[in-house]
Amino acid sequence: NCPRLRWLHNPRSAPPTGYYFQELVAHPVAVTNARGMYNDQLPVHVMTLLLTLNRHMHHYRDQQLQQIYRPLGSSVPNISLTGATVLLVGVGESGVETARLCSTALGMRVIGVDARASLPYPNTHHLCSTYWSSLRRLLCAASRPHRPVA
């Protein structure tokens, strides 16, 4: 009942279940969403967080706030990312770029999980299309470097 409605934008990259109800589908309105909008920014942000946690920058930040400047020592072990396994849940366009950065820049093994997985994804060593049935097994594989995925 909205004859003048020409455009409907959903700010989410994936509209929730039931968003496309029958009346909306039948309406001539153009429906858009934000899918792909952050493809260049999100992978860089993921890498920033990965390296921040890996290099314990949050501990150094806390020390700096207290004006303490000393190495963390063996209390916080360093983990080499080269050869480590990363699990990406959701391998859309941003996930493909994140996989590329993890694989080529850091030498990591990438496991991708995506509900729409059907084609081989570049820089992804293993791809699974079901989230919950195999997520626990994949999390266990990703938590141990060099552990093969069965």
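These remarks concern the structure in this document. Computed from a predicted structure; not experimentally measured.

Criteria and thresholds
Residues numbered from 1 in each chain as written. Predicted model: local features only at pLDDT ≥ 70, side-chain atom pairs only at ≥ 80, totals over all residues. Heavy atoms only, no water. Helix = DSSP H or I, 4+ residues; strand = E, 2+ residues; numbered from the N terminus. Buried < 20%, exposed > 50% of the residue type's maximum accessible area, 1.4 Å probe, protein only. Areas by Shrake-Rupley, 256 points an atom, 1.4 Å probe, with all protein chains shown as cover. Salt bridge = Lys/Arg side-chain N within 4 Å of Asp/Glu carboxyl O. Patch = residues over 30% accessible without salt bridge, like charges linked within 9 Å, V, L, I, M, F, W, Y side chains within 5 Å. Right-handed = clockwise from strand over helix to strand, strands pointing away. Pairing = 2+ DSSP bridges. Axes fitted to C-alpha atoms, helices over the stretch in contact; angles between N-to-C directions.

**With respect to the overall build of the chain**
Stage number 1. Helices and strands together make up the secondary structure of the chain, namely 5 helices and 5 strands.
Stage number 2. Evaluated residue by residue, the chain yields a buried proportion of 31% over its 150 residues.
Stage number 3. Surface accessibility of the chain: about 10500 Å² in total, with carbon and sulfur atoms responsible for 59%.

**Observations regarding the pattern of salt bridges**
Stage number 1. Scanning all chains against the criterion turns up 2 salt bridges.
Stage number 2. Close ionic contact of Asp62 with Arg61 constitutes a salt bridge, the shortest N to O distance being 2.7 Å.
Stage number 3. In this structure Asp62 comes out as partly exposed when scored by relative accessible area, which is 32%.
Stage number 4. The exposure class of Arg61 is partly exposed, given its relative accessible area of 46%.
Stage number 5. Of the charged contacts in the structure, one is a salt bridge between Glu97 and Arg100, with a shortest N-O distance of 2.7 Å. Note that Glu97 and Arg100 are positioned in helix α4 (residues 93-106) at a spacing of 3 residues, about one turn of the helix.
Stage number 6. Overall, the relative accessible area of 34% leaves Arg100 in the partly exposed class.

**Here's the deal with a nonpolar patch on the surface**
Stage number 1. Taken together, the side chains of Met37, Tyr38, Leu42 and Val46 make up a nonpolar region of the molecular surface, amounting to roughly 380 Å² of accessible area.
Stage number 2. Along the chain, Leu42 turns up in helix α2 (residues 42-54).
Stage number 3. Residue classification places Leu42 among the partly exposed residues on the basis of a relative accessible area of 42%.

**Considerations on the pairing of strand β4 (residues 109-113)**
Stage number 1. Most of β4 is tucked away: 5 of the 5 residues are buried.
Stage number 2. Taking every second residue as pointing to the same face, both faces of β4 are buried, with Arg109, Ile111 and Val113 on one and Val110 and Gly112 on the other.
Stage number 3. For the handedness criterion, the β-α-β arrangement of strand β3 (residues 85-89), α4 and β4 is classed as right-handed.
Stage number 4. Pairing geometry for β4 and strand β5 (residues 126-128), over 3 bridges, is parallel. Pairing of Gly112 across the sheet is with Leu127, part of β5.

**Topic: the sheet that holds β5**
Stage number 1. The parallel open sheet is built from 3 strands, whose spatial order is β3-β4-β5. Strand pairing shows two members of the sheet lacking a second neighbour, β3 and β5, which therefore form its edges. Taken pair by pair, the neighbouring strands of this sheet meet at an average axis angle of 15 degrees, ignoring direction.
Stage number 2. Sheet topology note: the β3/β4 ladder contains 5 bridges and is parallel. By the bridge assignment for β4, Leu87 is matched with Ile111.

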